[in-house]
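So the chains spell out like this:
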Amino acid sequence: MARIVYSRFFRINSYHNNSRYDSKPATTSSVIFSMNRKHSQHFISFLCIFLIWWAVSIILNMPIVPTPLDTIKFTFKHFKDSLYLHIIYSTIRILVSTALSLLLALPTGILMGYFIRIDNILSPFIYFLYPIPKVALTPIIMLIFGIGDLSKVIIIFIIIYFQIVVSVRDSVKNIQPEMLDFAISAGAGFIDIARWVLLPASLPGILTSIRVSMATSLSVLFFTETFGTEYGIGYLIMDSWIRVNYVEMYSGILSLALLGLFFFAAIGIFEKLLCKF
C-alpha cells in the first residue's frame, strides 16, 4: 500500500512540475536544440577559463604559470606513467567515503525525521558537531587511526555524513502528513513507508547535500593526501611543487578539477534518473 502512496506522490509532484514549467509538450527537435544549446554554453565557459589562463601565462611569462597547452600535453603524455594511479587512489577515497556516508546517514536521517523522540535525542549531538570545521578534527583522527588511507576516508566521511543527515531529516519532516496518514491507515509498516515514501521524498535533498559537500570533500582530500601516502592527486601536486616541476603541478590541479567535474556530472545524471518527479 505504501507503494500506492509513492505513486500518488510521484504523480502529484510530476503534475505540479509540468504545470508550473511546461505549457506545451516538448518535441524531439526542441529537446535536441536545448541539449545542444546547453553543451555550447558549457564549451564557451571552458574556453573562457582556458583563454584567461593562457593570457595570464603570457603576461607573466614565468615558469610558475605554464600555458594551458603545455599542461594538457604533459597530462596526456604522462597519464599512463603514474598520473592515472594518483587519480584512481583519489577517486577510490572519495567513493568509499561517500558510500559509507550514505549507508549510515540515510537511516539516521529517516529515523530522526519520522520519530520525534529519536530526533530530540540526536539533534543536540548533530547541532553540536555539525558546525565544527572538520579539518580541525584531522589531528585527532590521525592520532587515533594513523596517517594511512583509513584516516583520509574517515575525514571525508564525516564531512558528507552530517550534510546528508540534516538534509534527509528535513526532507522527511516536510512530507505532507496526509501522505503518511494514508499509508498508515492502509496498513503499511515503517519499512514500507521508509522504502516507498520517505526515501523517494528525500532523494533530491540527498543529492543536493552530496553536491554541496563534494567541493569541501575535494579540498580536504587534497589536504589529507599531502602526507602519509605516495599516491593521490594531493600528493602529486605538493611533490611537484617541492621539485619545482610546475607543469606537473598544474597537471595535478587540472586533474583534480576534472575529477570534481566528473563527480558533479555524475550527481546530475543520478538526479535526472532518480528524481523524475
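Because the structure is predicted, anything quoted here is derived from the model rather than measured. (Residues numbered from 1 in each chain as written. Predicted model: local features only at pLDDT ≥ 70, side-chain atom pairs only at ≥ 80, totals over all residues. Heavy atoms only, no water.)

I keep staring at the overall build of the chain and nothing clicks. Help me out?
Along its length, the chain carries 10 helices and 0 strands. Put simply, the chain runs from its N terminus to its C terminus through helices and strands in the order α-α-α-α-α-α-α-α-α-α. The buried share of the chain, reckoned over its 277 residues, is 38%. Put simply, of all contacts in the chain between residues at least 6 apart along the chain, 77% involve residues at least 24 apart. For the chain, the exposed surface amounts to about 16500 Å²; the carbon and sulfur share of it is 70%. (Helix = DSSP H or I, 4+ residues; strand = E, 2+ residues; numbered from the N terminus. Buried < 20%, exposed > 50% of the residue type's maximum accessible area, 1.4 Å probe, protein only. Contact = heavy atoms within 4.5 Å. Areas by Shrake-Rupley, 256 points an atom, 1.4 Å probe, with all protein chains shown as cover.)

Honestly, the environment of Glu-225 in this entry has me stumped. Any pointers?
Here Glu-225 is to be found in the loop between helix 8 (190–224) and helix 9 (233–242). Linking Glu-225 and Ile-237, residues 12 residues apart in sequence, is a C-alpha distance of 9.5 Å. Dropping the residues within four chain positions of it, Glu-225 is found in contact with Ser-90, Arg-93, Lys-152, Gly-232, Ile-233, Gly-234 and Tyr-235.

Looking at this structure, how should I read helix 9?
Working note: α-helix, 3.6 residues per turn, so residues spaced by three or four point in the same direction. Turning to helix 9, its buried residues are Ile-233, Gly-234, Leu-236, Ile-237 and Ser-240. Down the axis of helix 9, the buried side of the element spans an arc of 165°, and every buried residue falls inside it. Elements in contact with the buried residues of helix 9: helix 3 (68–114), helix 8 and helix 10 (246–274). Val-244 lies just past helix 9 and shows a positive phi near 55°. (Arc of directions from axis to C-beta.)

Quick question: what am I supposed to make of a nonpolar patch on the surface here?
Among the surface-exposed residues, Phe-79, Tyr-84, Ile-88, Tyr-89, Ile-92, Val-96, Leu-100, Leu-103, Leu-104 and Tyr-231 lie close enough to one another that they form a single nonpolar patch of about 850 Å² accessible area. When you line up the elements, Tyr-231 lands in the loop between helix 8 and helix 9. (Patch = residues over 30% accessible without salt bridge, like charges linked within 9 Å, V, L, I, M, F, W, Y side chains within 5 Å. Salt bridge = Lys/Arg side-chain N within 4 Å of Asp/Glu carboxyl O.)

Can you help me understand the packing of helix 3 against helix 9 in this one?
Packed helix pairs are characterised by how far apart their axes lie and by the angle those axes make with each other. Packing of helix 3 against helix 9 brings their axes to within 7 Å, and their N-to-C directions diverge by 135°. Between helix 3 and helix 9, the angle falls in the class oblique. Facing Leu-83, His-86, Ile-87 and Ser-90 of helix 3, the residues of helix 9 in contact are Ile-233, Tyr-235 and Leu-236. (Axes fitted to C-alpha atoms, helices over the stretch in contact; angles between N-to-C directions. Parallel < 35°, antiparallel > 145°, perpendicular 65-115°, else oblique.)

Just checking my understanding: could you explain the packing of aromatic side chains for this structure?
Here a ring pair, both rings aromatic, is described through the centre-centre distance and the interplanar angle of the planes. As enumerated under the stated definition, the model contains 10 aromatic pairs in all. For the pair Tyr-89 and Tyr-231, a centre-to-centre distance of 5.0 Å together with 15° between the ring planes defines the contact as stacked. Of this pair, Tyr-89 sits in helix 3 while Tyr-231 sits in the loop between helix 8 and helix 9, placing them 142 residues apart in sequence. Owing to a relative accessible area of 32%, Tyr-89 belongs among the partly exposed residues under this scheme. Here a set of aromatic residues connected by ring pairs shows up, and it is made of Tyr-130, Phe-157, Tyr-161 and Phe-162. (Phe/Tyr/Trp six-rings, centres within 6.5 Å; stacked < 30°, edge-to-face > 60°.)

Mind showing me how you'd approach the side chain of Lys-152 here?
Considering the arrangement of structural elements, one finds Lys-152 in helix 6 (residues 149–173). In this structure Lys-152 is buried but unpaired, with Asp-149 as the nearest side chain of opposite charge at 5.1 Å. A polar side-chain atom of Lys-152 sits 3.5 Å from the main-chain carbonyl oxygen of Gly-148. Apart from residues lying up to four places away in sequence, Lys-152 is in contact with Arg-93, Ile-147, Thr-224, Glu-225, Phe-227, Gly-228 and Thr-229. (Lys, Arg positive; Asp, Glu negative; His and termini not counted. Polar contact = N/O pair within 3.5 Å; in protein donor to acceptor, adjacent residues only side chain to side chain.)

Looking at this structure, I do not really get the pattern of salt bridges. What am I missing?
For side chains bearing opposite charge, pairing can occur when the charged atoms are close. The full count for this structure, using the stated rule, is 8 salt bridges. Across the pair Asp-119 and Arg-169 runs a salt bridge, and its minimum N-O distance is 3.5 Å. Of this pair, Asp-119 sits in helix 4 (residues 116–129) while Arg-169 is found in helix 6, placing the two residues 50 residues apart along the sequence. Taken as a pair, Asp-119 and Arg-169 share a single burial class, namely buried. Salt bridges sharing partners connect three or more residues here, namely Asp-119, Arg-169, Asp-170 and Lys-173.

Even after reading the chapter, I still don't get the confidence of the model for the chain, so can you show me in this structure?
Parts of the model with low pLDDT should not have their predicted coordinates read in detail. Per-residue pLDDT for the chain averages 81, and the proportion of residues at 70 or more is 85%. Between the elements of the chain, mean pLDDT differs from a low of 46, seen in helix 1 (residues 2–21), to a high of 92, seen in helix 9. Within the model, the stretch residues 9–26 combines pLDDT values under 50 with 12 contacts to residues more than four positions away or in other chains. (pLDDT = per-residue confidence, 0-100.)

Honestly, the environment of Ile-267 in this entry has me stumped. Any pointers?
Position of Ile-267 relative to the elements: it lies in helix 10. Judged by its relative accessible area of 7%, Ile-267 is buried. With 56 residues separating them along the chain, Ile-267 and Arg-211 place their C-alpha atoms 6.9 Å apart. The residues contacting Ile-267, other than those within four sequence positions of it, are Leu-207, Ile-210, Arg-211 and Met-214.

Help me understand the side chain of Thr-98 in this model?
When you line up the elements, Thr-98 lands in helix 3. Here the side chain of Thr-98 touches Ile-94 through a polar contact of 2.8 Å, landing on its backbone oxygen. What Thr-98 contacts, discounting residues up to four positions off in sequence, is Ile-160, Ile-210 and Met-214.

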